[in-house]
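# Summary of structural features
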Amino acid sequence: MSITIGAGIHPGPRKDLKVAAALGRRRRRMDAIVRILGLVAMLVGLAFLASILLTLAYRGSEAMGLSIFTRVTAPPGSEGGLLNPIVGSLIQAALGTAIGTPVGMLVGTYLAEYARGSKFGNLVRFVSDILLSAPSILIGLFVYTILVMPFGGFSGWAGVAALAIIVIPVVVRTTEDMLSLIPNTLREAVIGLGAPKWKMIVFVCWKSAMSGIITGILLAVARVAGETAPLLFTSLGNNAWSVDLTKPMASLPVTIYAYAGSPFEDWIGLAWAGALLITLGVLGLNILARSVLRGRK
Amino acid sequence: MSQAATADTPHPAATRRSRGNVGDIVFEGACRGAAVLVLILLGAIIVELFLAGLPAFRAFGLPFVWSTDWDPVQEVFGAGVSIYGTVVTAVLAIVLAVPLAFGIAFYLTELAPPWLRRPVGTAIELLAAVPSIIYGMWGFFVIAPAFAQYIQPTIIDTVGELPLVGFLFQGAPFGTGIFTAAFILAIMILPFIAATMRDVFEQVPPVYKESAYGLGATTWEVMRSVVLPYTRVSVVGGIMLGLGRALGETMAVTFVIGNANRISTSLFGPGNTIASLVALEFGESEAGSLKFASLLALGFILFVLSFLVLAASRYLLRSRLKA
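The structure displayed is predicted, hence computed values, not measured ones.

## Brief notes about the UniProt feature "domain: ABC transmembrane type-1" (unreviewed entry) in chain A
UniProt feature "domain: ABC transmembrane type-1" (unreviewed entry): in the numbering of this structure it lies at residues 86–289 of chain A. Note that residues 86–289 of chain A is 77% helix and 0% strand, and that its end C-alpha atoms are spaced 22 Å apart.

See below:
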């Protein structure tokens, strides 16, 4: 932690003012170079984001139109839309979040309120963090082996299950983080009034952490809305209109994947329109989540 | 804090309450049950992938891990090529992303004017929110053509001519391939690494930095000699987190890696990764076939790989998590 600039190499500033000046110049030059590199790195990062957004806006808006929302997918050449993938994605993301959120909230609550510092709590936290970053394609494979193979086919429910598994660790993380921010004096006050612990958690802790928990849920929705890999082997996709969860179900990311890799111009256009929709939705949710959190502070 | 003066003689109502409080028992049970469910989930994923992949491990034995065969006609499968592709793309992505992430974190914590920090930080974090499939399309339609036309020919003509390292950068400029996949991966993990670095840099006690400034150190010297040594372990943890993410990334890689089951000496050559191979071939494999088992065995290997890396990352970041 000590700063020994050029010790032993230079005779030292006190002995030679010229050397001192040169040394100072060199250090300042080095500092300026690194500052510029830092600025460049930031600009490069922003340039990537800008390039993605501009490409999406340009290619997506070309193909965007009302028919995207009114027509179902169709063979190349006949004018199709993205109605069934959009509806399928909404259904699966909504149900996946609805199933995964309560579980995630309970786990997060357990970690923050019951298992602080305990070995079992640390283990659960560790496992949840692994799930948070685990490759999502493996969750798709897992759900395939437990829900698709035994039940004889791809289904919307399998897709919902895969997305729910992805939602859980996201909600666990934010719930625990937000509950940990609540001062203990608040808990002591509630317990001091004679309330049972579960009332303290539900009516006081959850309530004061609500905006943070909502942020977590929004982020979880944003995360699963764009997931492709886990849906490839679970809900598979469906070119016809279907809201039956026991049958294969279309989803926007899987449709984009199929269309973008096709040789047909109109399909590729639809893929760009879908990509624009998803990205706007996901980034919008992220920004909304942030503003919910900030609004409280 | 505790002033439990009346603890020895509790009020009768209090005992009745705590003893008969069904709500507390139910609620704690539900929370604990959910926590156990998470453990079971991870255990089940590992066990299921292993069991489903077991026929492949039985048929090919340990050489499955390094065998480079992948021949659906002859029913001979090996994981060598895709493990190679997975590791090379992920490591190359780290090499590309870390300097950039460090620059961004350095800029955000030390250089940027305060009013700029939040919007720029948010913009970088939004890069992490963009879905994988969007990176795939962008990589395939924007980056790959640009690489094929401008960047790869230049590199092939310059670096490709060098002795020793030249062979890594030779071949035809397809645009897609290992290098492009690593490049896209680098952008995808950039926000994770940058955000971790920024967060740990901000945790350095100001008094350390101020003492260094007081001695006349420049911003860069403070970063190099105070901030980095103080946060070294967590920074490596953040890099491991990025590595873990890069290993399992599927859709973006599938679009741009070229999907060829061979190991090419050139980084510009096509290849595949475990995730991209599974994504592409799983739909064509019959349940119960040897190919199916091999793909699930690959999934198991990928899980073990990312588990190890993510566990290491968690371990290194533990001090940050406690704070």
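## Observations concerning the domain arrangement of chain B
All names here are of chain B. When its domains are assigned, chain B resolves into domain 1 (3–59) and domain 2 (62–322). On a C-alpha basis, the centres of domain 1 and domain 2 stand 37 Å from each other. Listed per partner, the contact involves eleven residues of domain 1 and eleven residues of domain 2. Of the roughly 960 Å² buried where domain 1 meets domain 2, counting both sides, 90% is carbon and sulfur surface.

## Concerning the side chain of A:Thr101
All names here are of chain A. Here Thr101 lies in helix H3 (residues 83–114). Look at Thr101 and you get buried, because its relative accessible area is 10%. Apart from the residues within four sequence positions on either side, Thr101 is in contact with Val167, Val171 and Ile217.

## Quick word on the UniProt feature "domain: ABC transmembrane type-1" (unreviewed entry) in chain B
On the UniProt side, "domain: ABC transmembrane type-1" (unreviewed entry) is annotated at positions that read residues 83–313 of chain B here. Helix makes up 75% of residues 83–313 of chain B and strand 0%, and the two end C-alpha atoms of the span are 20 Å apart.

## Some details on unusual backbone geometry
Glycine aside, residues mostly have negative phi, and peptide bonds are mostly found in the trans state. Positioned with a positive phi, A:Leu236 is a non-glycine residue whose angle comes to about 65°. Position of A:Leu236 relative to the elements: it lies in the loop between helix H10 (229–232) and helix H11 (252–260).

## With respect to the pattern of salt bridges
Across all of its chains, the model carries 17 salt bridges over all chains by this definition. Across the salt bridge formed by B:Glu125 and B:Arg198, the nearest N and O atoms sit 2.6 Å from each other. Taken together, the positions of B:Glu125 in helix H4 (residues 114–129) and B:Arg198 in helix H6 (residues 178–202) put the pair 73 residues apart, joining distant regions of the chain. Taking relative accessible area as the criterion, B:Arg198 reaches 15% and is therefore assigned buried. Bridged by salt links that share partners, the residues A:Arg125, A:Asp129, A:Arg173, A:Glu176, A:Asp177 and B:Arg314 form one connected network.

Reading the values: rules and limits
Residues numbered from 1 in each chain as written. Chains lettered and ligands numbered in written order. Predicted model: local features only at pLDDT ≥ 70, side-chain atom pairs only at ≥ 80, totals over all residues. Heavy atoms only, no water. UniProt positions renumbered as here; feature names shortened; annotations may be inferred. Helix = DSSP H or I, 4+ residues; strand = E, 2+ residues; numbered from the N terminus. Domains from an automatic or database assignment. Contact = heavy atoms within 4.5 Å. Buried area = accessible area lost by both parts, 1.4 Å probe. Buried < 20%, exposed > 50% of the residue type's maximum accessible area, 1.4 Å probe, protein only. Salt bridge = Lys/Arg side-chain N within 4 Å of Asp/Glu carboxyl O.

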